[in-house]
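# Residue-level structure breakdown
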Amino acid sequence: MDYRLLGRTGVRVSPLCLGAMNFGGPTPDEEAIRIVHTALDAGINFIDTANIYHAGGSETLLGKALAGRRDDVVLATKVHYRTGPGPNDAGNSRLHILRACDESLRRLKTDWIDLYQLHRASPEIPVEETLGALGDLVRAGKVRYVGCSTHPAWMVMEALAVAERMGLPRMVSEQPPYNLLDRRIENELVPLAQRYGLALMPWAPLAQGVLAGRYPAGAALPDDSRAARQPGSIYSQRVTARGIEAGARFSALAAERGLPPGQMALAWCKDQPAVTAPIVGPRTLAQLEDLLPVLEMTLDAETRAACDAINPPGGALVNFHNTAPWMKTPID
């Protein structure tokens, strides 16, 4: 397998990252543990979660699943979102970060977190405070590397510059929304990542199932889909008629090449410039097994050009940045 360097670190990770957002929630615990073990056995050594996924349930499940196999995994989690009712139970302040890290370590049943990420930006908090807190965690041995998720390119660049100037931990990764239907990170974030050696770990590479043929054109939403289960939510907002139409074109393209559309969507994302490892968050073991062939799959130039014809570089048909208040680009 083509293990890739995690940014400018010496750590090598698999070209797919197992996302644990469904663990501790819709995926039964025993099946979630089987998913983790199947991924590890297939060579995936990179797992991503967050402290807010199912009120810490995802981290707790991973702590159980990784018993005896912790050293086999580059384990990533995140901090930012609200974890309690108090005024300091959210954000990227020193107080919240230090407290939240200890809580994540307890749930994960580990002494260290390999990649600790800021789940979202806190523009009101000076970046020096945030990086200073992360630096203390690194020096204490609780965290190995630091990164961020769904940050604008200018804030990533600011963090890199401040870290260099003040001798604080350097961001090694950014975790943006990225798929064929929303390619806006190619305008600024991808060039930044290429220039400064930043690892990109895209979330929603299958466009929440739209690129996997999950939502056939003209049909009702599947009952077990997040868009159907949570009407009016951020998830349902990403399933639009325009996106479904593009997804149908993509599925037809995949069929012409004899590929399942989900595999082709993930392979497209995996080998885009600056991408280190897209995050796949299976709800079932079967979903994971369907995607494992992508670990060693590549798309030819003709197929990539045909994908560009559906949505050209830098463009967006659906808004997958709808949890990022800083993104103002309208999507009709």
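Reading guide: rules and limits
- Residues numbered from 1 in each chain as written.
- Predicted model: local features only at pLDDT ≥ 70, side-chain atom pairs only at ≥ 80, totals over all residues.
- Heavy atoms only, no water.
- Buried < 20%, exposed > 50% of the residue type's maximum accessible area, 1.4 Å probe, protein only.
- Helix = DSSP H or I, 4+ residues; strand = E, 2+ residues; numbered from the N terminus.
- Pairing = 2+ DSSP bridges.
- Core = buried A, V, L, I, M, F, W, Y, C linked by side-chain atoms within 4.5 Å.
- Contact = heavy atoms within 4.5 Å.
- Right-handed = clockwise from strand over helix to strand, strands pointing away.
- Axes fitted to C-alpha atoms, helices over the stretch in contact; angles between N-to-C directions.
- Parallel < 35°, antiparallel > 145°, perpendicular 65-115°, else oblique.
- Nonpolar A, V, L, I, M, F, W, Y, C, P; charged D, E, K, R; others polar.

Right, let's get into the pairing of strand 6 (residues 113-118). The buried fraction of strand 6 amounts to six of the six residues, a majority that puts the element mostly inside the structure. For strand 5 (residues 74-79) and strand 6, the ladder comprises four bridges, and the chain directions are parallel. Counterpart to Val79 in the pairing with strand 6 is Leu118. Relative to strand 7 (residues 143-149), strand 6 runs parallel, the two sharing five bridges. Paired with Gln117 across the two strands is Gly147, which belongs to strand 7.

Attention now moves to the nonpolar core. Note that soluble globular proteins tend to have their nonpolar side chains buried in a common cluster. Val36, Ile47, Tyr116, Leu131, Leu134 and Met171 are the most contacted members of the largest nonpolar core, which totals 87 residues. If we ignore the near neighbours within four places in the chain, the residues touching Val36 are Leu18, Phe23, Ile47, Leu62, Ala65 and Leu66. Residues Leu6, Phe46, Ala76 and Ala199 belong to the second largest nonpolar core, which totals 13 residues.

Most of strand 5 sits inside the fold, with six of its six residues counted as buried. Burial along strand 5 is two-sided: the face carrying Val74, Ala76 and Lys78 and the face carrying Leu75, Thr77 and Val79 are both buried. Bridge count between strand 4 (residues 46-48) and strand 5: three bridges; the pairing is parallel. Bridged to Phe46 within strand 5 is Val74. In terms of handedness, the path from strand 5 via helix 3 (residues 94-108) over to strand 6 forms a crossover that is right-handed.

Here the focus is helix 2 (residues 57-65). In an α-helix there are 3.6 residues to a turn, and that puts residues three or four apart on one side. Ser58, Glu59, Leu61, Leu62, Gly63 and Ala65 are the residues of helix 2 that are buried. Those residues of helix 2 hidden inside the fold are in contact with helix 1 (29-41), strand 4, strand 5 and helix 3.

At a closest axis distance of 7 Å, the pairing of helix 2 and helix 3 adopts a crossing angle of 45 degrees. With respect to helix 3, the element helix 2 is oriented oblique. Facing helix 2, whose interface residues are Glu59, Thr60, Leu62 and Gly63, helix 3 presents Ser104, Arg107 and Leu108. Taken together, the residues of the contact of helix 2 with helix 3 break down into two nonpolar, three polar and two charged.

Pairing is parallel in the open sheet, where eight strands are placed in the order 9-8-7-6-5-4-3-10. Only two strands of the sheet have a single partner each, and these edge strands are strand 9 (199-200) and strand 10 (279-280). Across two bridges, strand 3 (residues 17-19) lies against strand 4 in parallel orientation. Paired with Leu18 across the bridge in strand 4 is Ile47.

Before going further, it helps to examine the environment of Phe46. If you trace the backbone, Phe46 turns up in strand 4. Separated by 144 residues in the primary sequence, Phe46 and Val190 have C-alpha atoms spaced 21 Å apart. When near neighbours in sequence (up to four residues on either side) are disregarded, Phe46 contacts Leu6, Val13, Ser14, Leu16, Cys17, Leu18, Val74, Ala76, Leu115, Met201 and Ala277.

In this section: unusual backbone geometry. Phi is positive for Ala207, close to 55 degrees, though the residue is something other than glycine. Summarising the element assignment, Ala207 is placed in the loop between strand 9 and helix 7 (226-229). Here Ala207 falls in the buried class, since its relative accessible area comes to 0%. Even without glycine at this site, Ala274 takes up a positive phi of about 75 degrees. In this structure, Ala274 sits in the loop between helix 10 (261-270) and strand 10. Residue classification places Ala274 among the partly exposed positions, given a relative accessible area of 22%.

Limitation: the analysis is restricted to geometry and does not speak to function.
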